[in-house]
Amino acid sequence: MSRTIMLIPVGAGVGLTSVSLGVLRAMERKGVRVSFFKPIAQPRSGGEQPDLTTTIIRANSDMEIAEPFTMARAEELLRNDQSDVLLEDIVARFKASTAQSEVALIEGLVPTRKHPFANQINYEIAKTLGAEIVFVIAHGTDNPAQLKERIEVACSNFGGIKNKQISGVIVNKLNAPVDAEGRTRPDLSEIFDDIDGTTIPLNVEVMQVYNSSPIRVLGCAPWSPELIATRSTDIAAHLNAQIINEGDIATRRIKSVTFCARSIPNMVEHFRPGSLLVTSADRPDVIVAACLAAMNGVEIGALLLTGGYELPKPVMDLCERAFATGLPVMTALGNTWQTSLNLQSFSLEVPADDKERVEFVNEYMASHIDGQWIESLTEGSAKERRLSPPAFRYELTELARKAAKRVVLPEGDEPRTVKAAAICAERGIAECVLLGNPEEIKRVAEQQGVTLGAGVTIIDSESVRENYVKRLVELRGAKGMTDVVAREKLKDSVFLGTMMLEAGEVDGLVSGAVHTTANTIVPPFQIIKTAPDASIVSSIFFMLLPDQVLVYGDCAINPDPNAEQLAEIAIQSADSAKAFGIEPRVAMISYSTGTSGKGADVDKVREATRIAQEKRPDLIIDGPLQYDAAIMENVAASKAPNSPVAGKATVFVFPDLNTGNTTYKAVQRSADLVSIGPMLQGMRKPVNDLSRGALVDDIVYTVALTAIQAKQTENATK
């Protein structure tokens with residue numbers, strides 16, 4: 001281990017867990033081998049509960065984590081003047097869990113009234129572990145001069161600004177909303193839309209701190225309401241609410257809270273995506289109005305009924321179609337005032353099992369950490385970097401940004417697709433072209449709470465369809481294509497998008513959120529065709545295991561490739577892996593390893609391996625290999641001791657579609673991991689298919705893959 005960093009909070013409410021998660025993710029993005037240690041667990045909400053940051057990391061990664069000491073144990077030793085014993089025990093646990101790390105991140109204690117010794121023990125731990133100190137401070141209502149002063153005071157408690165172990169400071173919650181007294185609100189009232197929270201726009205002014213601060217500012221994270229967007233189910237659990245309609249209660253997010261005490265005309269503006277609408281159960285007018293909004297596509301976060309009244313059956317029947325849209329409806333026993341007080345006490349801590357929110361916090365905070373500082377942490381390290389899933393996703397977005405390509409999405413009015421297009425534009429991943437009726441696309445965007453601005457282009461299918469009739473007849477005339485048939489074909493948005501791709505008006509195409517694989521790939525097969533150097537079109541999935549990214553091919557296209565085709569799939573898959581930063585070690589998968597098996601199936605794999613090795617001697621390819629021999633070093637040692645691939649394969653080529661598709665789905669579902677794909681290989685221009693169950697993030701990363709492929713295709717033709 002080369003470096004130890006200790007995050008030390010300057011006061012309470014600085015968002016220490018969020019900053020820790022962000023720093024860890026920023027390191028993972030760079031392939032840094034990092035470990036985490038919270039020496040003393042911080043009690044939360046009273047009692048000796050498990051440490052929050054430790055619990056979240058354990059539930060969402062395979063990172064090395066040492067077990068923290070309980071606060072009761074630490075206080076007992078400190079009371080008995082045995083701080084040296086505490087520090088020795090901390091060192092022992094630290095050493096045991098960080099030996100394989102390039103960087104160890106230590107999270108300090110938050111100073112509170114109950115724990116006034118926090119700063120002193122933090123300093124002692126930092127000195128004992130030889131840790132570099134990074135302060136974490138919340139912006140609050142400080143102006144730049146006050147922020148600078150607070151940083152200087154923090155330094156004075158840790159040896160002063162001349163202490164060479166002080167590396168810098170991370171400023172969190174920049175521009176957080178504040179109440180009338182100028183205090184940031186730490187409870188759910190932050191998202192009550194009837195409380196007039198204001199912000200102090202200090203983005204520019206805080207930059208002055210970079211130049212005038214006595215220590216380096218290593219990160220500056222603006223406040224975002226998305227960071228506290230809790231699940232409807234968490235609100236229900238906190239209120240001990242009775243569920244009337246479950247709907248999408250496990251996935252819908254609460255982004256604002258509205259107490260519906262006014263007349264309907266004065267309330268409808270608050271019926272928006274992510275709203276928690278709180279109303280007395282004896283207000284059927286509000287309930288029916290909310291249900292109408294839901295039936296019109298507005299994804300209301302939840303409807304919370306107070307007063308303990310039962311909904312009359314006629315009202316329930318009237319709302320049945322709204323309930324079917326996924327609208328969560330719950331009821332609390334207390335009146336609206338009591339419910340309001342209960343909501344005030346709701347904790348906005350990130351639950352460890354809320355993987356979506358944890359991932360958002362990770363990525364959001366990491367994007368506001370100084371990249372140069374992260375790079376500097378492993379200077380001189382000789383340890384091999386790994387391409388972890390966070391590093392892979394980060395590389396995808398960075399390469400896509402550099403590619404600066406235009407990708408058409410034929411399913412332009414599909415809600416997930418609209419959200420994905422907005423995210424791609426916001427992150428600069430690609431310019432997305434949405435095909436469809438512009439009014440319908442804008443309506444869907446509004447219902448989803450999405451703004452389609454710069455970086456998203458909407459094209460009216462009806463107005464441009466005629467432009468491609470003549471060209472389609474030219475391309476498919478030999479197959480019987482006529483003007484009449486061409487116009488009919490171009491009513492299919494995928495055909496229309498494919499013609500735009502053929503014309504060079506866009507650089508790639510992504511479809512499949514509502515279309516089948518056949519609907520997505522048949523038009524490109526007919527119009528775009530294969531690349532000049534490719535004899536077959538195949539597919540790969542990127543499998544994001546906890547500690548590395550593997551490539552699986554072909555799991556989506558070819559039912560039963562022959563030996564020559566299988567060899568081509570292996571070569572295509574290896575080249576794709578290399579293009580996306582994965583060192584290709586190709587395992588040709590079969591039911592037997594080496595020469596032990598007999599039969600047509602294993603002979604095909606053996607012949608494909610030979611052909612691939614002859615065609616591309618620069619690639620590391622071996623087979624036939626059983627899956628366990630390909631991935632597990634101990635099995636490889638006994639079954640294939642001389643194989644250059646066994647036990648460390650990164651590319652897995654399956655003998656047929658039945659095996660490949662079954663394996664990828666079994667691994668994905670059983671291990672609960674993310675897979676990105678299928679990514680098509682061998683097309684003259686990039687076209688990629690989505691699963692009809694694709695999440696918004698799946699679409700975003702597929703767009704990124706497509707943009708990168710388009711850049712590679714461009715480079716190859718130069």
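Residues numbered from 1 in each chain as written. Predicted model: local features only at pLDDT ≥ 70, side-chain atom pairs only at ≥ 80, totals over all residues. Heavy atoms only, no water.

What to know about the pattern of salt bridges
One pass over the full model with this rule turns up 41 salt bridges. In this structure, Arg 231 engages Asp 353 in a salt bridge whose closest nitrogen and oxygen atoms are separated by 2.9 Å. Taken together, the positions of Arg 231 in strand β8 (residues 230–231) and Asp 353 in the loop between α12 (336–344) and α13 (355–366) put the pair 122 residues apart, joining distant regions of the chain. Looking at Arg 231, the relative accessible area reads 9%, which means it is buried. Residue class for Asp 353 comes out exposed when judged on its relative accessible area of 55%. Residues Asp 618 and Arg 616 are paired through a salt bridge, measuring 2.9 Å at the closest nitrogen-oxygen approach. Each of Arg 25, Glu 28, Arg 29, Glu 359, Glu 363 and Arg 393 takes part in one network of salt bridges that share partners. (Salt bridge = Lys/Arg side-chain N within 4 Å of Asp/Glu carboxyl O. Helix = DSSP H or I, 4+ residues; strand = E, 2+ residues; numbered from the N terminus. Buried < 20%, exposed > 50% of the residue type's maximum accessible area, 1.4 Å probe, protein only.)

Quick look at the sheet that holds strand β12 (residues 275–280)
Remark on secondary structure: sheet strands pair via backbone hydrogen bonds, oriented parallel or antiparallel. Spatially, five strands are ordered β9-β14-β13-β12-β11 in an open sheet, and the strand pairing comes out mixed. Single-partner strands in this sheet number two, and they are β9 (242–245) and β11 (256–259). Put simply, the sheet's adjacent strands are angled 25° from each other on average, direction ignored. Sheet analysis places β12 next to strand β13 (residues 302–306), joined by five bridges and oriented parallel. Bridge pairing links Leu 277 to Leu 303 in β13. Of the strands in this sheet, β11, β12 and β13 are in contact with α12, which crosses β12 at around 150°. (Pairing = 2+ DSSP bridges. Axes fitted to C-alpha atoms, helices over the stretch in contact; angles between N-to-C directions. Contact = heavy atoms within 4.5 Å.)

Concerning helix α1 (residues 16–29)
If you check α1, its first and last C-alpha atoms are 20 Å apart, about what 14 residues at 1.5 Å a residue would give, namely 20 Å. By the criterion of burial, α1 is predominantly enclosed, with 14 of the 14 residues buried. At the exit of α1 stands Gly 31, carrying a positive phi of roughly 75°. (Expected span 1.5 Å × (residues − 1).)

Description of the packing of helix α19 (residues 469–476) against helix α21 (residues 493–502)
Packed helices, taken two at a time, are described by the angle between their axes plus the distance between the axes. Taken N-terminus to C-terminus, the directions of α19 and α21 make an angle of 85°; their axes are 11 Å apart at the nearest point. Between α19 and α21, the angle falls in the class roughly perpendicular. Contacts from Arg 471, Leu 472 and Leu 475 in α19 reach Phe 495, Met 499 and Glu 502 in α21. Here the contact of α19 with α21 is built from residues that sort into four nonpolar, no polar and two charged. (Parallel < 35°, antiparallel > 145°, perpendicular 65-115°, else oblique. Nonpolar A, V, L, I, M, F, W, Y, C, P; charged D, E, K, R; others polar.)

Considerations on the packing of α1 against helix α2 (residues 52–60)
Where α1 contacts α2, the two axes come as close as 9 Å, and the packing angle between them is 40°. Relative to α2, α1 is oriented oblique. Relative to α2, the crossing made by α1 is right-handed. Facing Thr 17, Ser 20, Leu 21 and Leu 24 of α1, the residues of α2 in contact are Leu 52, Thr 53, Ile 56 and Ile 57. In terms of residue class, the contact of α1 with α2 is built from five nonpolar, three polar and no charged. (Left-handed = near helix turned anticlockwise from the far one by under 90°.)

Thoughts on the environment of Gly 449
For Gly 449, the location among the structural elements is in the loop between α17 (438–447) and β17 (456–460). A relative accessible area of 56% means that Gly 449 is categorised as exposed. Sequence separation of Gly 449 and Lys 489 is 40 residues, and the distance between their C-alpha atoms is 33 Å.

Some thoughts on unusual backbone geometry
Backbone torsion omega between Gly 623 and Pro 624 reads -5°, so that peptide bond is classified as cis. Tracing the sequence through the fold places Pro 624 in strand β22 (residues 620–625). A cis amide bond links Gly 677 with the next residue in sequence, Pro 678, at an omega value of 5°. Tracing the sequence through the fold places Pro 678 in strand β24 (residues 674–681). A positive phi angle, close to 55°, is found at Asp 81, a residue other than glycine. You can see Asp 81 is positioned in the loop between α3 (71–79) and α4 (83–98). In this structure, Ala 404 takes a positive phi of about 50° despite not being glycine. Its location among the elements puts Ala 404 in the loop between α15 (389–403) and β15 (406–409). By relative accessible area, which is 58% here, Ala 404 ends up exposed.

Section: the pairing of β12
Of all six residues that make up β12, six are buried, and the element is covered over most of its length. Covered by surrounding structure in β12 are Ser 275, Leu 277 and Thr 279 together with Leu 276, Val 278 and Ser 280, the residues of both alternating faces. Pairing analysis gives four bridges linking β11 to β12, with the strands arranged parallel. Looking at the pairing, Ser 256 lines up with Ser 275 of β12. Handedness of the crossover is the feature at issue here: the chain leaves β12, passes through helix α9 (residues 284–295), returns alongside β13, and the resulting connection is right-handed. (Right-handed = clockwise from strand over helix to strand, strands pointing away.)

A few points about the UniProt feature "domain: Phosphate acetyl/butaryl transferase" (unreviewed entry) in the protein
UniProt annotation of "domain: Phosphate acetyl/butaryl transferase" (unreviewed entry) refers to residues 392–707 when read in the numbering used here. With 47% helix and 18% strand, residues 392–707 has its two end C-alpha atoms placed 15 Å apart. (UniProt positions renumbered as here; feature names shortened; annotations may be inferred.)

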